[in-house]
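Coordinate inspection notes
Take a look at the letters that make up each chain.
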Amino acid sequence: MLPTHCDTLISARWIITVEHDGEVLENHSVAIEKGHIVAILPTAAAAGIASDEHIDLGQQVLMPGLVNLHGHSSMTLLRGLADDKTLMDWLNNHIWPAEGRHVRDDFVFDGSLLAMAEMIRCGTTTINDMYFFHGAVARAGLAAGMRTFVGCSILEFPTNYANNADDYISKALAERREYLGEELVTFTLAPHAPYTVSDDTFRKVVTLAEEEDMLIHCHIHETADEVEGGVREHHQRPLARLKALGLLTPRLIAAHMVHLSEEEVALAARHGLSIAHNPSSNMKLASGIAPVKALLDAGANVGLGTDGAASNNKLDMLAETRLAALLAKVGTGDPTAVPAATAIRMATLNGARALGLGERTGSVRVGKEADLIAIDLARVETAPAFDPVSHVVYAAGREQVSHVWVKGRPLLKAHRLVTLDEQDLLGRAEDWRNRILSH
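Report follows, based on the coordinates. (Residues numbered from 1 in each chain as written. Predicted model: local features only at pLDDT ≥ 70, side-chain atom pairs only at ≥ 80, totals over all residues. Heavy atoms only, no water.)

A separate point is the overall build of the protein. Helix and strand counts for the protein come out as 15 helices and 17 strands. Along the first, second and third principal axes, the C-alpha set of the protein runs to 65 × 45 × 45 Å. Within the protein, the fraction of its 439 residues that count as buried is 59%. When contacts within the protein are restricted to residue pairs at least 6 apart in sequence, those whose partners lie at least 24 apart make up 72%. Summed over its atoms, the accessible surface of the protein is roughly 16,600 Å², and 51% of this surface lies on carbon and sulfur atoms. (Helix = DSSP H or I, 4+ residues; strand = E, 2+ residues; numbered from the N terminus. Buried < 20%, exposed > 50% of the residue type's maximum accessible area, 1.4 Å probe, protein only. Contact = heavy atoms within 4.5 Å. Areas by Shrake-Rupley, 256 points an atom, 1.4 Å probe, with all protein chains shown as cover.)

This is the structure:
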């Protein structure tokens, strides 16, 4: 039965539902009540629904919000600081020293806000983050209105945040307790990588994840050097080591997963873990091309991420979606690998499923929460529009994202940020630039 009234009624030329690959509803409207989608119907039939607000998007696409499955939001303040380096040179000689000098609560809060403003303008509604000073990330997420998964980094060595693995875990759990009950904030356990975390710590993470019902977020098989180093130190490849430690479960979000054998592809699919594919970062650091088509063909759940702005250098999920499709084609020599509809699913529903949100968000369906974005295709750059699915992936840019809603709340309206002050953020970024350059 159709509702007679709703909070918000959104009409669009096209709705990409992502319920079925390539499904497009033309000249339809979505009715939203209390943050949920309560009706999807032809716009001509929607005239009978009274609404507090009716938004006619004209020649635009309405679709699910993008899910950034792997990021380091506050590292936006280090954007462009050390480009064109190898991963280990970049980390050991540039990024970690800079973090040692500057990372604290205010750095993380300001950097996360700046990142979230950029992500919202790119159509991202959910971020799966990984960093330190977790309360600052959570506060930024609440201020921005994004769904924020706060990855609590765990390492064996000291940083400005903690002294050792047990200290990282203890502080993470204490900060998590402060935000229990916040609907848009979820804490996860984020052991950094196999080369920075011991077997004992991984075992503790697995046990804690089960006891506290938490997801695990970890960099895995990002570079060939990482894999070779794991073999030298542990006499087995990192993924095999993690399997033996019990880490390979549906709780795990494995970032990168670039260097995989056929057996490891099958292993990932069989154990139900999710992969966060980061095409721009992998290209920029020359990490390689992840076997995305093979993973998808094996039945693995693959989503998309930007990584941090220090290694990308932008947080543009539309760009990642395009690159994911293109890289899969050139990497396999198959132009049919990862078609546009699959790339959109990776950027939306697959990411939501990885985070346990697949029944709540990630597609446009009655009963789901209204995490939605609008992309204006009535531009020279996207004319003529034969296939909106293809255009969103291959032709549209982030400057064409006009509206963003999370659970029906507008975060971007007619290209303008609603929850965040752009000029204030620019001022904070300039202040941090001056501080960083002065050291």
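There is more to say after this.
By size, the foremost hydrophobic cluster in this structure holds 120 residues, and its most contacted members are Met-63, Phe-107, Ile-120, Leu-252, Met-257 and Ile-375. Counting residues per element, this core draws most heavily on helix H2 (residues 105–121), which supplies ten residues. Among residues more than four places away in sequence, those in contact with Met-63 are Ile-16, Ile-344, Thr-348, Val-364, Asp-371, Leu-372, Ile-373, Ile-375 and Val-392. (Core = buried A, V, L, I, M, F, W, Y, C linked by side-chain atoms within 4.5 Å.)

Another aspect to go through is the packing of aromatic side chains. What the rule picks out here adds up to eight aromatic pairs. Aromatic pair Tyr-179 and Phe-187: ring centres 6.0 Å apart, planes at 20 degrees, arrangement stacked. An aromatic cluster is defined as three or more aromatic residues linked by ring pairs; in this entry it consists of Tyr-131, Phe-132, Phe-133, Tyr-161 and Tyr-168. Positioned above the aromatic ring of Tyr-161, the side-chain terminus of Lys-171 is 5.5 Å from the ring centre. The ring of Trp-432 has Arg-435 lying over it, and the distance from NZ or CZ to the ring centre is 3.8 Å. (Phe/Tyr/Trp six-rings, centres within 6.5 Å; stacked < 30°, edge-to-face > 60°. Lys NZ or Arg CZ within 6 Å of the ring centre and 35° of its normal.)

Another point: helix H5 (residues 199–212). If you check H5, its first and last C-alpha atoms are 20 Å apart, about what 14 residues at 1.5 Å a residue would give, namely 20 Å. The complete set of buried residues in H5 reads Thr-201, Phe-202, Val-205, Val-206, Leu-208 and Ala-209. On its buried side, H5 packs onto strand E8 (147–154), helix H4 (165–179), strand E9 (185–191), strand E10 (216–220) and helix H7 (238–244). (Expected span 1.5 Å × (residues − 1).)

With that out of the way, let us pick up the environment of Ala-286. Considering the arrangement of structural elements, one finds Ala-286 in the loop between helix H9 (279–284) and helix H10 (292–297). It is 35 Å that separates the C-alpha atoms of Ala-286 and Gln-423, two residues lying 137 residues apart in sequence.

As a further point, take the pattern of salt bridges. Applying the stated rule across the entire model yields 33 salt bridges. For the salt bridge of Arg-251 with Asp-213, the shortest nitrogen-to-oxygen distance reads 3.0 Å. Placement of Arg-251 in the loop between H7 and strand E11 (252–256) and of Asp-213 in the loop between H5 and E10 is noted, with a sequence separation of 38 residues between them. Taking relative accessible area as the criterion, Asp-213 reaches 60% and is therefore assigned exposed. We note a salt bridge from Glu-430 to Arg-433, for which the minimum N-O separation is 3.9 Å. (Salt bridge = Lys/Arg side-chain N within 4 Å of Asp/Glu carboxyl O.)

What follows concerns the pairing of strand E5 (residues 60–64). For E5, a buried count of five out of five residues is recorded, marking the element as mostly surrounded by other parts of the structure. Inspection of the sheet shows strand E1 (residues 5–16) paired to E5 by two bridges, in the parallel sense. Its bridge partner being in E5, Ile-15 is matched across the sheet by Leu-62. (Pairing = 2+ DSSP bridges.)

Moving on, we come to the packing of helix H11 (residues 317–332) against helix H12 (residues 340–347). Where H11 meets H12, the axes come as close as 9 Å, and the angle between the chain directions of the two elements is 135 degrees. Relative to H12, the element H11 lies oblique. Once H11 is placed against H12, the crossing between them reads as right-handed. Between H11, through Met-317, Thr-321, Ala-324 and Ala-325, and H12, the contact on the second element is made entirely by Ala-343, Ile-344, Met-346 and Ala-347. Looking at the contact of H11 with H12 residue by residue, the classes come out as seven nonpolar, one polar and no charged. (Axes fitted to C-alpha atoms, helices over the stretch in contact; angles between N-to-C directions. Parallel < 35°, antiparallel > 145°, perpendicular 65-115°, else oblique. Left-handed = near helix turned anticlockwise from the far one by under 90°. Nonpolar A, V, L, I, M, F, W, Y, C, P; charged D, E, K, R; others polar.)

Counting buried positions along E9 gives six out of seven residues, so the element sits mostly inside the fold. Of the strand pairs in this sheet, E8 and E9 are connected by seven bridges, and their pairing is parallel. Paired with Ile-154 across the bridge in E9 is Pro-191. Where the polypeptide runs from E8 across H4 and back to E9, its parallel neighbour, the crossover connection is right-handed. (Right-handed = clockwise from strand over helix to strand, strands pointing away.)

Function cannot be read off these values alone, since they describe shape.
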